[in-house]
Structures are given as structure tokens and as C-alpha cells.
Amino acid sequence: MYRTNTCGELRIQDIDKIVTLSGWVQKSRDLGGMTFIDLRDRYGITQLVFNMESNQELCEKARKLGREFVIQVEGIVRERSSKNPNRATGDIEIEVTSLKELNKSKVPPFTIEDDTDGGDDLRMKYRYLDIRRSPLQNNLIFRSKLALETRKYLDIQGFIEIETPFLIKSTPEGARDFVVPSRLNAGQFYALPQSPQTFKQILMVGGMDKYFQIVKCFRDEDLRADRQPEFTQIDCEMSYVHIDDILNTFEGLTKHLFQHTLGVTLPDFPRMSYDDAMKKYGSDKPDLRFGMEFVEMNDFAKGHGFGVFDGAELVVGICAKGVSESYSNSTMKELTEWMQRPQIGAKGLVYVKYNTDGTIKSTIGKFYNDETLNEWKEKFGAENGDCLFILSGETEKTRKQLNELRLEIAKRESLMKNGDFKPLWVIDFPLLEWDEDSKRFHAMHHPFTSPKIADIPNMLSGDHETMKNLRADAYDLVINGSEIGGGSIRIHDRALQAKNFELLGFSKEEAENQFGFLMGAFEYGAPPHGGIAFGFDRLCAVMNNQSSIRDYIAFPKNNQGRDMMIDAPSLIHEEQLDELNLKLDLKKND
Ligand code: ASP
């Protein structure tokens, strides 16, 4: 038997028991007559003690053990004279009577402690060592628990877990597909699913009524810190539902998950239209942990001779609480330059400081007297000590810029409090988005999303401008400024689906070729249906106040999309290329 107990298990009640433990050497300390070793496994750390006086040979053997050696010890549980209250096993230690080295270890390239000195790529190359650290273990344990609770909840709600294929035909969801060459069908390719979207809709036509799957999805996108080329979704679809049915079910799921993994009781989720979110926060995923709601100023800021505002489509501002004195001239300069970086592209930044002594300092004092600025103060609900930041320009751009500033100030002022969870449903997204570069409409969610019933006549007969204003039965769940999930009520009628493809620039043949199977299925009694998918990795991270999903994925890819441990992607043998009929094509391209 390798062990009678784990390294996280023994307590004061176990004193005098003879036990066997196995684990890794976390650390050893040599204090002349005594040697102490911290023995670690997934469950915790237990202190071992070797006594030079009572067993010299054993003690010397212990002193030779290096970090991360794997050992097995037998010994007696003793009460510690100096207890460690920070450790669950801190009241006891094991007086070792026999020691067996099960395996040696090279010196690890980074410390296997809660705070490690390893850089990202090194930690990914030696992921097995990183996974030995308890923060990562806790993340993976959390993830496992979250998946389990998801299954429990959805099972009780009557959902059936169904697997859908990974080798499919491409489903356009806005990203590039990863493709897999088919050996048996020369020159043809499968695509890895960006999501099981069409399959879950087909399952509704198949009468499964409520489907879910915790499933890998693949998107060949340019990578950002919180994106991975393969990621996991909680993917769901339901039949005979309206928006409310879906929002209620998945609000229920979210509440269940927070309650049963974190012990956090979430209040009912507010709902906000996409238009309102853009107007009030300049973002379709506003962080509601703090205020700084936008105040539109066209009505009262124009007409005072300040050309910049007078000529702008939108003048809009936010009020930052309590910063009028702490934001010095140099901070203001720094913020202005930050806003002027090409990534944000603001032309300038106007501010109005309401100092605690009642004086007002602003960059636009020439055009607006104190009386006017005091009126603004009221409109913003500002107090002495606060500062208004104002931007102007083209509506959409200006809103987005002010969103960046709002988030930056929240960061500087530590307003994004950990453990404060502010969920929000954003609803009524536009159906289509006009892309000026390609001069085409794109589906804001995906091509299977239904317009609102009231907008269908406009969709069938409207002109170009009308198309821009069509609303969809589409929704996102946002928590603390992160998009956790999104979905929609789907089109279930062949003619309407065909019309949508047409608006999106598909020719009849292209639509038939790519989605004939779905439109065909719609001709055999497709029920009204809709669904949603949650980003599972993202949900794990957000619930734990983390910004990167990487540490919730056992084997993530780095920023270049590489798996540093197995060194993938990699070249393949010529014979393999031959078999896949790829070599010929490559030559053709030369
Ligand atoms: N397939 C969609 C996505 O991955 C989710 C959905 O519409 O259910 O975003």
C-alpha cells in the first residue's frame, strides 16, 4: 500500500497512529539534530521529522532528498511543539520510522510554490510542474466542480447531454475555421466546429427538446490574452421557448453555480437593451460594479462658442468621484496622452474639476463660466471633490472612447472590487452590422438568429437603412464587464432563413451548398427554438476574479497558439502529406 492517508488529512485526533504517506518533497530544513521535510500531494502538506539521535541512518538518507523527489514514509503521528495555524495539518507532524525513495527529480526550473518565479512560457513547457502548484490545482478542482454543478442543474431541468461531431463542415460564426484534410476524400477538408450551432438546432428538429453539452469549440482567431484557439462552452438549446424562458433558465443556472461553488447568492439579474448599454456605458458589456454612467451633453454644452463641442455629433461625459485633488496636472496630461494613443484615438480630453474648496478648474473656462459649470455639476450629480471628463466627436466612436476612460479610471481608483458580482442581461441586439470595409452586412450574433417578430416585415421588404435598425431576439450574459455567454431565438422557417442568408451576401447556391441541410430540416416541422452558450473557461476565471482564462485550462496554448509542452503545431512527415494529397497541392503553389 502506497499510503494510508493523504498529506492533507491528519489532525490532532490522529496522534500516535502509525501511518504511511506518499508525496513530493516540497522543502527540507536541516537543523543539526533534526531534519524537517514538507511532504506535498494534491490534498495538502504534512511535516515529516527525522531525528539524528534516534535514527542517524534514516536522517542522513532524508538529508539527501532533493526538491520534488517522490517518497514514501512510514511513521507515527506526533503533536507538534510549535504549531502552524496556517496549515490544516499544522498541529501534527510525522516522526518517520522508514523512508523509501520512489523516484528522483531534477531540480525544477521554477519554484513549485503558490507564488512561482516561472515565466509564462516556462510554466507551460513544464505544465506538469505548474500543475503541482496549489493555485493551479485549485483552479482545476474548481473547474471540475463547476462542470459537475452545471450537469446537476441542467439534468434537473430536463436537459439531455448529447455529443455532436468534431469533424464537420464549417459553421460561420465570425472566425476562421481550423481545417482537417480528409485522407479518404482527396482534396476535401473537414472543419473543426466553432460551436455545435447547427447540430443543436437539428437536435431540436429531431425533437430532443432540451439539449446541452460541455463542449470544446475551435476558432482560428488572432489571439489575445483571454482567448484560446480551443476553448469550452456550456452549449444549450431549447424548443418552444421565448426569450424569457431562456433567460430565466440560464439565470437559474448561473445562480445555482455561484451558490454551489462559491456560496454566493446572486440577486435577480437586471436587463438592459443593447441601445441603452451603448448610450450609458459605450459598451455592450458594461461593468456595473461602479457607476460613472455617461451623461449626454449636447443639449447644454453646445452654443457657448466652443467650436469643438459645437461641431461634434455627440458631447458626452462621466463624473469621477473624489479625484479632483488627487489627479494632478501631470496625471491629467498622462490620461490625455493615454486617450490619444492610436488604440483609442481621442483628439483630446476636457475636464472640469470641482475642488473641495468650492473653486472650479477646467480646460474650457474660456467658454463656460462658473455658473454654467455649476449647472453641469447638478446634471452629473457631482459634488465638490469630483471631476468631469468630457469627450466629443462622432457618436459611436466617442462612446467607445469614453468607455475606455471609464474603465481606466475604475482601475486607477480600484473600483473593480473582487468578490462583488454584477451580472446583467444585455438584450435586443441589432440583427445585422454594416461593415464599411467589405461593404456587406454581417450577422451581429450569427446567421441563424431570428429578427424580432415585429421586425420581420421590415426585414422582408425594407431598404438598406431599415436593415441597419432591425432588432434581433439575441442576448448576452455579462458579469463584471466580461461576456459570459450569448445566444438567440433562432429562425425556424426556411424562407426567412434564406432571406437572412441573402442579406448577408450569400448567393442562393452558396447558402444551399453550406446550409442546405439545415434549411431542408426546417421543411420537416422545425419547432420554434432558441439557445445560448456560456464560455466555460471565462466563467471559471470571472467567478474567481481572474482576467485570464489560461490558468483554468489544464493545457493551454501560448500567445502564438503553440502548445509549449508537446511543441505543437509541428511539421509532419512527407508520407503523411502524400497520403493526405497535400504535397501535390503545395508543389502546385510553388
Ligand atoms: N453558438 C453560439 C456561440 O457560440 C451560441 C448560441 O447562439 O447558442 O456564440
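The structure under discussion appears in the preceding block.
If you're wondering where the values come from, they're calculated on a predicted model, not measured in any experiment.

(A) Highlighting the environment of Phe517. Mapped onto the fold, Phe517 is located in helix H16 (residues 508–522). Phe517 sits in the partly exposed class, given a relative accessible area of 41%.

(B) How the structure looks around the packing of aromatic side chains. Under the definition given, this model contains 20 aromatic pairs. Taken together, a centroid distance of 5.5 Å and an interplanar angle of 85° make the contact between Phe166 and Phe218 edge-to-face. One end of the pair, Phe166, is in the loop between strand S6 (160–161) and strand S7 (179–181); the other, Phe218, is in strand S9 (residues 210–218), with 52 residues separating them in the sequence. We classify Phe166 as partly exposed; its relative accessible area is 37%. One aromatic cluster in this structure is built from Phe300, Phe306, Phe309, Phe367, Tyr368 and Trp376. Directly above the aromatic system of Phe300 lies the positively charged group of Lys379, at a separation of 5.0 Å from the ring centroid.

(C) Summary view of the pattern of salt bridges. Summed over all chains, the structure comprises 49 salt bridges. Between Lys200 and Glu237 there is a salt bridge, with the nearest N and O atoms lying 3.5 Å from each other. With Lys200 in helix H5 (residues 197–205) and Glu237 in strand S10 (residues 230–239), this residue pair connects regions lying 37 residues apart in the sequence. With respect to burial, Lys200 and Glu237 carry one shared label: buried. Note that Asp287 and Arg289 form a salt bridge whose closest N and O atoms lie 2.7 Å from each other. Here Asp287 falls in the buried class, since its relative accessible area comes to 3%. Take Arg289: its relative accessible area is 17%, and that puts it in the buried class. Because the salt bridges share partners, they merge into one network encompassing Asp120, Arg123, Arg127, Asp130, Arg133, Arg550 and Asp551.

(D) View of the site of the ligand. Around the ligand lies a shell of 14 residues, among which Gln197, Lys200, His445, His446 and Arg490 are the nearest. Within the side chain of Arg219, a nitrogen or oxygen atom sits 3.0 Å from an oxygen atom of the ligand. At 2.8 Å, a side-chain N or O of His445 approaches an oxygen atom of the ligand. Bound to the protein, the ligand loses 92% of the 270 Å² it would expose on its own. In terms of residues, the shell around the ligand owes the most to one element, strand S22 (residues 529–535), which gives three residues.

(E) Region of interest: the sheet that holds strand S13 (residues 314–320). Pairing is antiparallel across the open sheet formed by five strands, whose spatial order is S12-S13-S16-S14-S15. The open sheet has two edge strands, strand S12 (295–296) and strand S15 (360–362), and neither has a second partner. Sheet topology places S12 next to S13; two bridges connect them, and they run antiparallel. Paired with Val295 across the two strands is Gly317, which belongs to S13. Helix H11 (residues 370–380) rests against S12, S13, strand S14 (350–354), S15 and strand S16 (387–393) of the sheet, and its axis sits at about 90° to S14.

(F) Local environment of the pairing of S9. The buried fraction of S9 amounts to seven of the nine residues, a majority that puts the element mostly inside the structure. For S9 and S10, the ladder comprises nine bridges, and the chain directions are antiparallel. When the sheet's bridge partners are listed, Phe218 is paired in S10 with Glu230.

(G) Broad picture of the packing of helix H4 (residues 134–156) against helix H6 (residues 243–262). Two elements in contact, H4 and H6, have axes separated by 9 Å at closest approach and are oriented at 135°. When the axis of H4 is compared with that of H6, the two are oblique. For the crossing formed where H4 meets H6, the hand is right-handed. Of the residues in H6, those touching H4 at Phe142, Lys145, Leu146, Glu149, Thr150, Tyr153 and Leu154 are Thr249, Phe250, Gly252, Leu253, His256, Leu257, His260, Thr261 and Leu262. Grouping the amino acids of the contact of H4 with H6 by side-chain chemistry returns eight nonpolar, six polar and two charged.

(H) Spatial organisation of the state of the cysteines. Summed over all chains, the structure comprises zero disulfides. Looking at the unpaired Cys7, the closest cysteine sulfur is the one in Cys59, lying at 19 Å. In this structure Cys7 comes out as buried when scored by relative accessible area, which is 0%. Unpaired in this structure, Cys540 has its nearest cysteine sulfur neighbour in Cys217, at a distance of 14 Å. Residue class for Cys540 comes out buried when judged on its relative accessible area of 0%.

(I) Spatial organisation of the environment of Leu167. In this structure, Leu167 sits in the loop between S6 and S7. Taking the C-alpha atoms as reference, Leu167 lies 65 Å from Thr356; in sequence the two are 189 residues apart.

(J) Summary view of the nonpolar core. Of all hydrophobic cores here, the largest spans 40 residues; its most connected members are Phe250 and Phe534. No other element matches the seven residues that H6 contributes to this core. Residues Tyr281, Leu432, Ala472 and Phe501 belong to the second largest nonpolar core, which totals 32 residues.

(K) Up close: the pairing of strand S5 (residues 92–103). By the bridge criterion, two bridges tie strand S3 (residues 44–51) to S5 in an arrangement that is parallel. By the bridge assignment for S5, Val49 is matched with Glu95. The sheet contact formed by strand S4 (residues 70–79) and S5 spans 10 bridges and is antiparallel. When the sheet's bridge partners are listed, Gly75 is paired in S5 with Val96.

(L) Summary view of the sheet that holds S4. Pairing is mixed in the closed barrel, where five strands are placed in the order S1-S2-S3-S5-S4. Pairwise comparison of adjacent strand axes, ignoring direction, gives a mean angle of 55° for this sheet. Each of strand S1 (18–31), strand S2 (34–41), S3 and S5 touches helix H1 (residues 56–63); the most contacted strand, S5, lies at about 65° to it.

(M) How the structure looks around helix H17 (residues 536–543). With seven of eight residues buried, H17 lies mostly within the body of the structure. Along its buried surface, H17 packs onto H4, S10, H6, strand S20 (474–479), strand S21 (482–489) and S22. Remark: Asn545 follows H17 within two positions and exhibits a positive phi of approximately 60°.

(N) Local environment of helix H15 (residues 494–503). Listing the buried residues of H15 in full gives Leu496, Gln497, Lys499, Asn500, Phe501 and Leu503. Those residues of H15 that are buried lie in contact with strand S18 (432–435), strand S19 (440–443), helix H13 (456–461), helix H14 (464–468) and H16. One side-chain oxygen of the residue at the start of H15 lies 3.3 Å from the amide nitrogen of Ala495, identifying that residue as Asp493. At the exit of H15 stands Gly505, carrying a positive phi of roughly 90°.

Rules behind the numbers
Residues numbered from 1 in each chain as written. Predicted model: local features only at pLDDT ≥ 70, side-chain atom pairs only at ≥ 80, totals over all residues. Heavy atoms only, no water. Helix = DSSP H or I, 4+ residues; strand = E, 2+ residues; numbered from the N terminus. Buried < 20%, exposed > 50% of the residue type's maximum accessible area, 1.4 Å probe, protein only. Phe/Tyr/Trp six-rings, centres within 6.5 Å; stacked < 30°, edge-to-face > 60°. Lys NZ or Arg CZ within 6 Å of the ring centre and 35° of its normal. Salt bridge = Lys/Arg side-chain N within 4 Å of Asp/Glu carboxyl O. Near = heavy atom within 4 Å. Polar contact = N/O pair within 3.5 Å; in protein donor to acceptor, adjacent residues only side chain to side chain. Areas by Shrake-Rupley, 256 points an atom, 1.4 Å probe, with all protein chains shown as cover. Pairing = 2+ DSSP bridges. Contact = heavy atoms within 4.5 Å. Axes fitted to C-alpha atoms, helices over the stretch in contact; angles between N-to-C directions. Parallel < 35°, antiparallel > 145°, perpendicular 65-115°, else oblique. Left-handed = near helix turned anticlockwise from the far one by under 90°. Nonpolar A, V, L, I, M, F, W, Y, C, P; charged D, E, K, R; others polar. Disulfide = S-S within 2.5 Å. Core = buried A, V, L, I, M, F, W, Y, C linked by side-chain atoms within 4.5 Å.

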